[in-house]
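Descriptive structure summary
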Amino acid sequence: MKLDPASIGLLVAGTLFITFILLKLLGPLPRDEETADARRRVADAKRRARDRSHSPEQRAAALRDAAVAALEGLGRPGLAASYARRAERLDPLDPASVGLRAAALRRASRFRALERFLWRKLAEDEPGAAGYERAYEELLSLYDGPLRRPETAQALRRLRG
């Protein structure tokens, strides 16, 4: 290998690039204040959700808070979907869990999982319930948007009347 300045420059640039890629794969550094704050919010919400002295509705709200922090603050849609699912199990009548879980699955580009979840929600809830309405609107949005099946969305609209 030659030791001219151009070769040394290329070697240094390649090393810096590989270091940059490795740091990006490891995720945000702990010194990142926003990330640290989001982690604190998730930890606090999880602590509130585990507290059995709270009502199921309060515990579900804490899990929704954890889901929002995971989705927005940490950029972890899979984790957010998990917290939203747990919140929905604790308080199935609150439509906020449906919307949050749908947003997390959509951000994770898990469109087929989102579709299955929404159809299941429609099968479980009664028409007119808040969760049913939210699932129906999310399903229409999914067919009109990422799944690119506007004819299915149109058929659903016609069936509903």
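Being a predicted model, the structure only gives us computed values, none of them experimental.

1. Comments concerning the nonpolar core
- Judged by nonpolar contacts, the single largest core of 36 residues is most densely connected at Y83, L114, L118 and L139.
- Of all elements in the fold, only helix 2 (33–50), helix 3 (56–73), helix 4 (77–90), helix 5 (95–107), helix 6 (111–124), helix 7 (130–144) and helix 8 (150–160) reach the threshold of two or more residues within this core.
- Beyond its immediate chain neighbours, meaning those up to four positions away, L118 contacts V98, A135, E138, L139 and L142.

2. Looking at the packing of aromatic side chains
- Enumeration over the complete set of coordinates arrives at 0 aromatic pairs.
- Taking NZ or CZ as reference, R160 lies 4.1 Å from the ring centre of Y136, over its face.

3. Let's talk about the packing of helix 5 against helix 7
- Relative orientation of the contacting elements helix 5 and helix 7 amounts to 20°, with a least axis distance of 8 Å. By the angle between their axes, helix 5 is roughly parallel relative to helix 7. Regarding helix 5 and helix 7, the two cross each other, and that crossing is right-handed. Contacts from P95, V98, G99, A102 and R106 of helix 5 reach helix 7 at A130, G131, R134, A135, E138, S141 and L142.
- Residues of the contact of helix 5 with helix 7, tallied by class, amount to 6 nonpolar, 3 polar and 3 charged.

4. Things to note about the environment of K46
- Mapping K46 onto the fold places it in helix 2.
- A sequence separation of 17 residues divides K46 from L63, and the C-alpha atoms of the two residues are 6.5 Å apart.

5. Here's the deal with unusual backbone geometry
- With a phi angle near 60°, S109 is a residue other than glycine that sits in the positive phi range.
- Here S109 lies in the loop between helix 5 and helix 6.
- Overall, the relative accessible area of 48% leaves S109 in the partly exposed class.
- For R148, which is not a glycine, the phi torsion comes out positive at approximately 50°.
- For R148, the location among the structural elements is in the loop between helix 7 and helix 8.
- Looking at R148, the relative accessible area reads 70%, which means it is exposed.

6. As for the confidence of the model for the chain
- Summing up the model confidence of the chain, the mean pLDDT is 90 and the portion of residues at 70 or higher is 96%.
- Averaged pLDDT values over the elements of the chain bottom out at 85 in helix 1 (residues 5–26) and peak at 95 in helix 3.

7. What about the pattern of salt bridges?
- Evaluation of the coordinates by the stated rule reveals 16 salt bridges.
- For the salt bridge of R112 with E115, the shortest nitrogen-to-oxygen distance reads 3.1 Å. Here the residue R112 and the residue E115 both occupy positions in helix 6, the gap between them amounting to 3 residues, near one helical turn.
- The class for R112 is partly exposed, based on a relative accessible area of 47%.
- Taking the relative accessible area as the measure of exposure, E115 reaches 11% and is therefore buried.

What counts, and where the lines are drawn
Residues numbered from 1 in each chain as written. Predicted model: local features only at pLDDT ≥ 70, side-chain atom pairs only at ≥ 80, totals over all residues. Heavy atoms only, no water. Core = buried A, V, L, I, M, F, W, Y, C linked by side-chain atoms within 4.5 Å. Buried < 20%, exposed > 50% of the residue type's maximum accessible area, 1.4 Å probe, protein only. Helix = DSSP H or I, 4+ residues; strand = E, 2+ residues; numbered from the N terminus. Contact = heavy atoms within 4.5 Å. Phe/Tyr/Trp six-rings, centres within 6.5 Å; stacked < 30°, edge-to-face > 60°. Lys NZ or Arg CZ within 6 Å of the ring centre and 35° of its normal. Axes fitted to C-alpha atoms, helices over the stretch in contact; angles between N-to-C directions. Parallel < 35°, antiparallel > 145°, perpendicular 65-115°, else oblique. Left-handed = near helix turned anticlockwise from the far one by under 90°. Nonpolar A, V, L, I, M, F, W, Y, C, P; charged D, E, K, R; others polar. pLDDT = per-residue confidence, 0-100. Salt bridge = Lys/Arg side-chain N within 4 Å of Asp/Glu carboxyl O.

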